[in-house]
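Per-entry structural report
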Amino acid sequence: MAAATALAGIVGVALLVIAMSETSSQPGRHSAAQDMNGNPIQFDPGTMPDEAEVERMQVEEDGGLRLRVPSVDLDVPLGSLASVDGEITPPGFTSAYYVRNRGVTPDGGGDGTLVVVTHSLREPGVAPGNFLIDVKEQIATLPTDSIVMIGDTSYAVRDSYPIARTEVADDSRVWNNAPGRLVLITCLQTGSSPAVANIVIEASLI
């Protein structure tokens, strides 16, 4: 099942939709998508972009940088994608992606807000976002001052909070465009039912 979250863009007034899959890994069932452990992912039809959409997003799975969060042992490739028709739909489950047309690039992090999105999965699936959420407590796993690294650039976590997907678009905390700011977004899984919220992690350039 998929959750479509309406989000306001960093700049401009157009709504931005982040479609985050809430699927679970089910070994033995056929699927082209795989989680971080190499297990196939089963998801409902229509929850992932088709080939034409992926082509328009100009997805790069690995741009040569990595997203690292040492405190939770997360270390994954940082790819990139573009929002298309107001939607962001990460196509993979083993990378994080910065959004090229909804913020600054990693080398321009000092000039504005860098937006990074990634999937989380229901158990037993494992995607990068699973390292960032505590499903039982419904909070982020990163306390204040935790280090998030984009390549060799370090950010310190300043805040994290869940936001209902129906409220994200109007929440100014998320979309403030400020120099040296990182926003990291993933779905907040509930355990067995579809996610109804995202976790937003804000960090500042060190």
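Source: prediction; values computed, not measured.

Reading the values: the criteria
Per chain, the residues get numbers from 1 upward, laid out in the order the sequence is written. Selection of residues for local features in this predicted model requires a pLDDT of at least 70, selection of side-chain atom pairs for listing and counting requires 80 or more, and totals for whole chains, interfaces and linings are taken over all residues. Side-chain descriptors were evaluated using all non-hydrogen atoms of the structure, hydrogens and water having been removed beforehand. Helix numbering and strand numbering both begin at the N terminus, where a helix is a DSSP run of H or I of at least 4 residues and a strand a DSSP run of E of at least 2. Buried, partly exposed and exposed residues are distinguished by accessible area as a fraction of the type maximum, computed with a 1.4 Å probe on protein chains only: under 20%, between the cut-offs, and over 50%, respectively. Residue contacts are counted whenever heavy atoms from the two residues lie within 4.5 Å of one another. Surface accessibility in these figures is a Shrake-Rupley result with a 1.4 Å probe; residues are shielded only by whichever protein chains are displayed. What makes a nonpolar core is a set of buried Ala, Val, Leu, Ile, Met, Phe, Trp, Tyr and Cys residues whose side-chain atoms join them at distances within 4.5 Å. Pairs of N or O atoms are called polar contacts if they sit within 3.5 Å, as long as, within protein, a hydrogen donor faces a hydrogen acceptor (for residues adjacent in sequence, only side-chain-to-side-chain pairs). At least two DSSP bridges between two strands are required for those strands to pair. Confidence of the predictor at the level of single residues is given by pLDDT, which spans 0 to 100. Simply put, an axis is a line fit to the C-alpha atoms, just over the touching stretch for a helix, and the angle between two N-to-C directions goes from 0 to 180 degrees. In the sections that follow, a salt bridge refers to a side-chain nitrogen of Lys or Arg positioned within 4 Å of a carboxyl oxygen of Asp or Glu. Pairing of aromatic rings covers Phe, Tyr and the six-membered ring of Trp, with a centre-to-centre limit of 6.5 Å; geometry is then stacked below 30 degrees between planes, edge-to-face above 60, and tilted otherwise. The criterion for a charge sitting over a ring is simple: Lys NZ or Arg CZ within 6 Å of the ring centre, and within 35 degrees of the ring normal.

What the protein chain contains, in helices and strands, is two helices and 15 strands. The buried share among the 206 residues of the protein chain stands at 51%. When contacts within the protein chain are restricted to residue pairs at least 6 apart in sequence, those whose partners lie at least 24 apart make up 56%. Here the protein chain displays about 9100 Å² of accessible surface, and carbon together with sulfur accounts for 49% of that area.

Moving on: the nonpolar core. General note: in soluble globular proteins, nonpolar side chains tend to be found buried as a group. Formed by 26 residues in total, the largest nonpolar core has its most connected members in Leu-67, Leu-114, Val-116, Leu-142, Ile-150, Leu-182 and Ile-201. Of the residues forming this core, the biggest block, four residues, is contributed by strand β15 (residues 197-205). Beyond its immediate chain neighbours, meaning those up to four positions away, Val-116 contacts Leu-78, Ala-96, Tyr-97, Tyr-98, Ile-150, Leu-182, Val-183, Leu-184 and Ile-185. In terms of nonpolar packing, the next biggest core, distinct from the first, is built from 14 residues, Val-99, Val-115, Tyr-161 and Val-174 among them.

All right, on to the side chain of Gln-189 then. Note that Gln-189 resides in the loop between β14 (181-188) and β15. According to the relative accessible area criterion, Gln-189 is buried, its value standing at 1%. At a separation of 3.0 Å, a polar atom in the side chain of Gln-189 contacts the side chain of Ser-120.

What follows is about the pairing of strand β8 (residues 96-99). Neither face of β8 is open: one carries Ala-96 and Tyr-98, the other Tyr-97 and Val-99, and all of them are buried. Bridge analysis of strand β6 (residues 74-81) against β8 gives four bridges, and the strand direction is parallel. Paired with Ser-80 across the two strands is Tyr-98, which belongs to β8. Bridging between β8 and strand β9 (residues 113-117) involves two bridges; their strand directions are antiparallel. Looking across to β9, one finds that Tyr-97 is bridged to Val-117.

Another point: the confidence of the model for the protein chain. Counting all residues, the mean pLDDT for the protein chain is 82, and 81% of those residues have values of 70 or more. Within the protein chain, the lowest mean pLDDT, 29, falls on strand β1 (residues 2-8), and the highest, 98, falls on strand β12 (residues 147-150). Within the model, pLDDT remains below 50 along residues 1-31, and this stretch shows 119 contacts once partners closer than five positions in the same chain are excluded.

Glancing now at the sheet that holds β14. Sheets are built from strands that pair by backbone hydrogen bonding, the pairs being arranged parallel or antiparallel. Pairing in this closed barrel of eight strands is mixed, and the strands run β5-β6-β8-β9-β14-β15-β13-β12 around the ring. Adjacent strand axes in the sheet meet at a mean angle of 35° when their direction is disregarded.

Before going further, it helps to spend a moment on the pattern of salt bridges. If you walk through the whole model with that rule in mind, you get five salt bridges. Residue Arg-68 is joined to Asp-75 by a salt bridge in which the shortest nitrogen-to-oxygen separation is 3.6 Å. For Arg-68, a relative accessible area of 29% gives the class partly exposed. Note that Arg-181 is salt-bridged to Glu-202, the shortest N-O span being 3.4 Å.

In this section: the packing of aromatic side chains. Under the criterion given, the structure shown has zero aromatic pairs. Sitting over the ring of Tyr-161, Arg-173 keeps its end group 3.9 Å from the ring centre.

To continue, consider the environment of Gly-109. Along the chain, Gly-109 falls in the loop between β8 and β9. The sequence separation of Gly-109 and Ile-150 amounts to 41 residues, and the corresponding C-alpha distance is 9.6 Å. Beyond its immediate stretch of four places on either side in the chain, Gly-109 contacts Val-104, Tyr-155, Pro-179, Gly-180 and Arg-181.

This paragraph deals with unusual backbone geometry. Note that the residue after Glu-123, namely Pro-124, is joined by a cis bond; omega there is 10°. Following the sequence through the fold, Pro-124 ends up in the loop between β9 and β10 (133-134). Although it is not a glycine, Gln-58 adopts a positive phi angle of roughly 50°. By the secondary structure assignment, Gln-58 is in the loop between α1 (51-57) and β5 (60-69). Look at Gln-58 and you get exposed, because its relative accessible area is 57%. The phi angle at Gln-138 is positive, at roughly 60°, despite the residue not being glycine. On the secondary structure map, Gln-138 appears in the loop between β10 and β11 (139-140). The exposure class assigned to Gln-138 is partly exposed, which follows from its relative accessible area of 29%.

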